[in-house]
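A look at the structure
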Amino acid sequence: MSALPTELVLGSVRVDTPVVLAPMAGITNAAYRRLCAEQGAGLYVCEMITSRGLVEGDETTKKMLVFDELESIRSVQLYGTDPVYVGKAVEILCGEYGVAHVDLNFGCPVPKVTRKGGGGALPWKRGLLAEILISAVAAASAYDVPVTMKTRKGLDDDHLTYLDAGRIAQETGTAAIALHGRTVEQAYSGQADWDAIGELVAAVDIPVLGNGDIWEASDAVRMVEQTGAAGVVVGRGCLGRPWLFRDLAAAFATPGGRSRLGSIQGAESRPVLPNLGEVRTMMRRHAELLSEHMGEERGCKEFRKHVTWYLKGFPAGGELRRALALVDSLATLDRLLDELDPEAPFPVGELGAPRGRQGSPRKRVVLPEGWLDDADGSGWHVQEDAHEVTGG
């Protein structure tokens, strides 16, 4: 068995552990990225922004480009369908915001995005994909900033694009490609296909990052061992569990990360699971960071969505959960957190269980009229949405 990677190198950027936090709308703001970074090393990517919104000076877009003072590597995911807009947006990110890494989103499965040819729909147009990557890489190269891309297997099982996307990424000077092992049609349902990630690793020379169904650090180890990926991208698995990055850092810093982690069934070496008291402390820290970045009132409102994830499986009455989900100040939060039993053990039944949205497969992928008729799309002009803030 080959040794696990201990770092991730993306062009000029070196990350101390081969782990990337996936951008998630409304989640991976500066406060959450700081919280996760306090747990362990990794690359923590800002919420996705749109190239058109940035180029046109959209205020909402600019407000999303907030970085914590301790954020040493500024990383942003960019959405775009027009090579000109994308190039200009990359120039702004590098030149005005000091961004050190740009990731391009070609994986979003949301219908309002794919119906315009964006996100996971775009790689079907191989020529257009190449034009966008060329534009982004050219703009970033002046600042020695690496450009990466994230994609899915394809539109559906009959319209797979990931191997072509990998080839195009390599040919255009893209520093790495992340593959979510699901199709657009699957969205977040079913199981991720890690075999496809392995196939992409074998097909290209640039680093491939694996994404999909990483709920525990042991999953990340298993994915890398199975696929040969250079690292992993973690999304839903860290919802309400920022300490996952501590476990991931330990796994990849130790030769034979699997033995260090042990198994869920009770190996002595498994990660130390936090009790409710420790989770309570993490919740307070999260709300505090949100308040520092956004102001207390807005920060507490932003925190509400995280309560269910943090308390999943723990003993906490319905009334207390509802009160926490309506918290409006840090003082109120402190009072409510005191009602939780600090000695309650971590609910081991939640280990390895999916978190966040899952849903059902889409009945069909919504695409622009005639989209499938041309698999090249060079010169295709797709109207960008300046306000799209989803992920993939």
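Description of the structure in this document. (Residues numbered from 1 in each chain as written. Predicted model: local features only at pLDDT ≥ 70, side-chain atom pairs only at ≥ 80, totals over all residues. Heavy atoms only, no water.)

Observations concerning the sheet that holds strand E8 (residues 176-180)
Strand order in the closed barrel made by the eight strands is E3-E4-E5-E6-E7-E8-E9-E10, with parallel pairing throughout. Across the sheet, the mean angle from the axis of one strand to that of its neighbour is 30°, orientation sign disregarded. As judged from the four bridges shared by strand E5 (residues 75-79) and strand E6 (residues 101-106), these two strands associate in the parallel manner. If you follow Val76 over to E6, its bridge partner there is Val102. Along the sheet, helix H1 (residues 30-37) makes contact with strand E3 (19-21) and strand E4 (43-50), crossing E4 at roughly 165°. (Pairing = 2+ DSSP bridges. Helix = DSSP H or I, 4+ residues; strand = E, 2+ residues; numbered from the N terminus. Axes fitted to C-alpha atoms, helices over the stretch in contact; angles between N-to-C directions. Contact = heavy atoms within 4.5 Å.)

Digging into the packing of aromatic side chains
What the rule picks out here adds up to five aromatic pairs. Ring plane angle 85° and centroid distance 5.2 Å describe the contact between Trp371 and Trp380, whose orientation is recorded as edge-to-face. Through successive ring pairs, a cluster of aromatic residues spans Trp243, Phe314 and Phe346. The aromatic ring of Trp371 is capped on one face by Lys125, whose charged end is 4.6 Å from the ring centroid. One cation-aromatic arrangement involves Arg152 over Tyr188; the distance from NZ or CZ to the ring centre is 5.1 Å. (Phe/Tyr/Trp six-rings, centres within 6.5 Å; stacked < 30°, edge-to-face > 60°. Lys NZ or Arg CZ within 6 Å of the ring centre and 35° of its normal.)

A closer look at the pattern of salt bridges
According to the stated counting rule, one finds 22 salt bridges in the structure shown. In this structure, Lys305 and Glu302 form a salt bridge, with 3.3 Å as the shortest nitrogen-oxygen distance. Accessibility expressed as a relative area gives 33% for Lys305, which makes it partly exposed. (Salt bridge = Lys/Arg side-chain N within 4 Å of Asp/Glu carboxyl O. Buried < 20%, exposed > 50% of the residue type's maximum accessible area, 1.4 Å probe, protein only.)

Nothing here speaks to function; it is geometry throughout.
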